[in-house]
Amino acid sequence: MSVVPAEVLPGGALAVEETAPGGPAAELGPRARLWPSLVAVYRAQLSRARVARIPLLFVATFQSVGIMVMMRGVVDSRGEAQSVVAGSSVVVVAYVALNLLAQYFGQLRASGGLDHYATLPVPPASVVLGAAAAYASFTVPGTLVTAVFGCVLFGLPLGNLWILVAVIPLAGAALAGLGAACGLLAPRPELATLLGQLGMSAALLLGVLPPDRMPGIIQFARDLLPSTYGVEAYARTFGARPDWAVVLADLGVCAGVGVVSLAVATWAYRRAAVR
């Protein structure tokens with residue numbers, strides 16, 4: 001290894017020492033914007049989880065398909081079948097966006113991985129939104145397969161299947177925000193995993209079971225779950241003449257809860273990153 005004297009280097013260390021005290025302060029680069037940062041985090045998360053994507057989709061889809069097969073001999077009306085198919089489809093979103101995202105952020109906080117993101121010149125919202133969008137993207141194939149299988153199994157029409165284009169991102173945003181907040185606020189990763197499992201179980205039981213058979217207190221708890229409105233929006237489209245105003249109202253509730261939950265997750269990320 002050769003050593004070059006600092007005197008021969010233009011703008012070398014001596015020059016820096018001479019000009020630093022009296023010279024102008026160095027200017028920082030421009031702060032990264034939200035959208036480019038979000039896209040970068042989204043792509044990084046997709047690349048990181050690409051290996052586990054197939055087992056992830058298989059587990060989430062197989063679980064929902066198994067639930068519908070089990071409920072096939074229980075439901076005895078078209079309205080109950082609509083609830084089962086819609087709820088099973090949204091459970092795929094809950095499994096990934098709520099359960100796995102809570103585990104991911106819980107482990108990221110416990111292992112010190114948040115320190116890596118904290119050193120990057122990206123807005124905190126881009127980290128939360130990018131990770132949430134990446135995890136929600138994995139749910140699209142499984143949700144579509146579950147919805148098609150359920151419609152064929154229960155004899156429901158496939159004409160309004162396009163409504164999932166709105167249900168998946170809106171319900172996914174609401175559940176992903178809750179999952180990220182649970183993972184970032186939980187003091188231990190084991191507790192984050194527990195919260196994610198409880199949230200997914202609530203989405204499973206309250207979303208798949210027909211609401212007419214639930215007690216009043218359980219129906220009230222069902223109304224508090226944000227994924228319920230995605231289930232209701234999808235289930236209403238099976239009718240001969242869907243009330244699209246009510247469908248849009250349900251999707252609006254999902255969107256509102258998504259904005260609030262992602263804002264809470266961003267605050268939780270900032271709180272966890274500075275500790």
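The structure displayed is predicted, hence computed values, not measured ones. (Residues numbered from 1 in each chain as written. Predicted model: local features only at pLDDT ≥ 70, side-chain atom pairs only at ≥ 80, totals over all residues. Heavy atoms only, no water.)

Draft legend 1. Region of interest: the environment of Val69. Within the secondary structure, Val69 sits in helix H3 (residues 53–71). Between the C-alpha atoms of Val69 and Leu153, which are 84 residues apart in sequence, the distance is 8.0 Å. Those residues in contact with Val69 that lie beyond four places of it in its chain are Phe149 and Leu153. (Helix = DSSP H or I, 4+ residues; strand = E, 2+ residues; numbered from the N terminus. Contact = heavy atoms within 4.5 Å.)

Draft legend 2. Focus on the packing of aromatic side chains. Throughout the structure, instances matching the rule amount to five aromatic pairs. A centroid spacing of 5.6 Å and a plane angle of 15° characterise the contact between Phe58 and Phe62, whose relative ring orientation is stacked. In this pair, Phe58 and Phe62 are both assigned in helix H3, four residues apart and thus about one turn of the helix distant. When the ring of Trp162 is compared with that of Trp244, the centres are 5.5 Å apart and the planes differ by 25°; the resulting orientation is stacked. (Phe/Tyr/Trp six-rings, centres within 6.5 Å; stacked < 30°, edge-to-face > 60°.)

Draft legend 3. Representation of helix H6 (residues 124–137) in the model. Taking 1.5 Å of rise per residue, 14 residues should cover 20 Å, and H6 covers 20 Å from first to last C-alpha, within 8% of that figure. Along H6, 10 of the 14 residues are buried, which leaves the element largely enclosed by surrounding structure. (Expected span 1.5 Å × (residues − 1). Buried < 20%, exposed > 50% of the residue type's maximum accessible area, 1.4 Å probe, protein only.)

Draft legend 4. Just the UniProt feature "transmembrane region" (unreviewed entry) in the protein chain, in detail. This chain's UniProt record puts "transmembrane region" (unreviewed entry) on residues 51–71, 83–106, 127–155, 161–184, 191–209 and 244–269. Measuring from the first to the last C-alpha atom of residues 127–155 gives 42 Å, for a span that is 93% helix and 0% strand. Within residues 191–209, the helical portion is 95% and the strand portion 0%, while the C-alpha atoms at the span's ends are 27 Å from each other. (UniProt positions renumbered as here; feature names shortened; annotations may be inferred.)

Draft legend 5. Highlighting the environment of Ser89. With respect to the helices and strands, Ser89 occurs in helix H4 (residues 78–110). Note on Ser89: relative accessible area 0%, which makes it buried. Dropping the residues within four chain positions of it, Ser89 is found in contact with Thr143, Thr146, Ala147 and Tyr234. Of note is the side chain of Ser89, whose polar atom sits 2.9 Å from the backbone oxygen of Val85. (Polar contact = N/O pair within 3.5 Å; in protein donor to acceptor, adjacent residues only side chain to side chain.)

Draft legend 6. Highlighting the side chain of Ser64. Tracing the backbone shows Ser64 in helix H3. Classification of Ser64 as buried rests on a relative accessible area of 0%. A polar contact is formed between the side chain of Ser64 and the backbone oxygen of Ser88, at a distance of 3.0 Å. Non-local contacts of Ser64, meaning those with residues more than four positions away in its chain, are made with Ser88, Val91, Val92 and Thr146.

Draft legend 7. A look at the confidence of the model for the protein chain. For the protein chain, the average pLDDT comes to 82, and 85% of its residues sit at 70 or higher. Below a pLDDT of 50 lies the segment residues 1–20, which in the model reaches four contacts outside its immediate sequence neighbourhood of four places, other chains included. (pLDDT = per-residue confidence, 0-100.)

Draft legend 8. Inspection of a nonpolar patch on the surface at higher detail. Side chains of Leu185, Val260, Val264 and Trp267 sit close together on the surface and give an oily, nonpolar patch of about 360 Å² of accessible area. With three residues, the single largest contributor to the nonpolar patch is helix H12 (residues 244–273). Tracing the backbone through its elements, the reader meets Val260 in helix H12. (Patch = residues over 30% accessible without salt bridge, like charges linked within 9 Å, V, L, I, M, F, W, Y side chains within 5 Å. Areas by Shrake-Rupley, 256 points an atom, 1.4 Å probe, with all protein chains shown as cover. Salt bridge = Lys/Arg side-chain N within 4 Å of Asp/Glu carboxyl O.)

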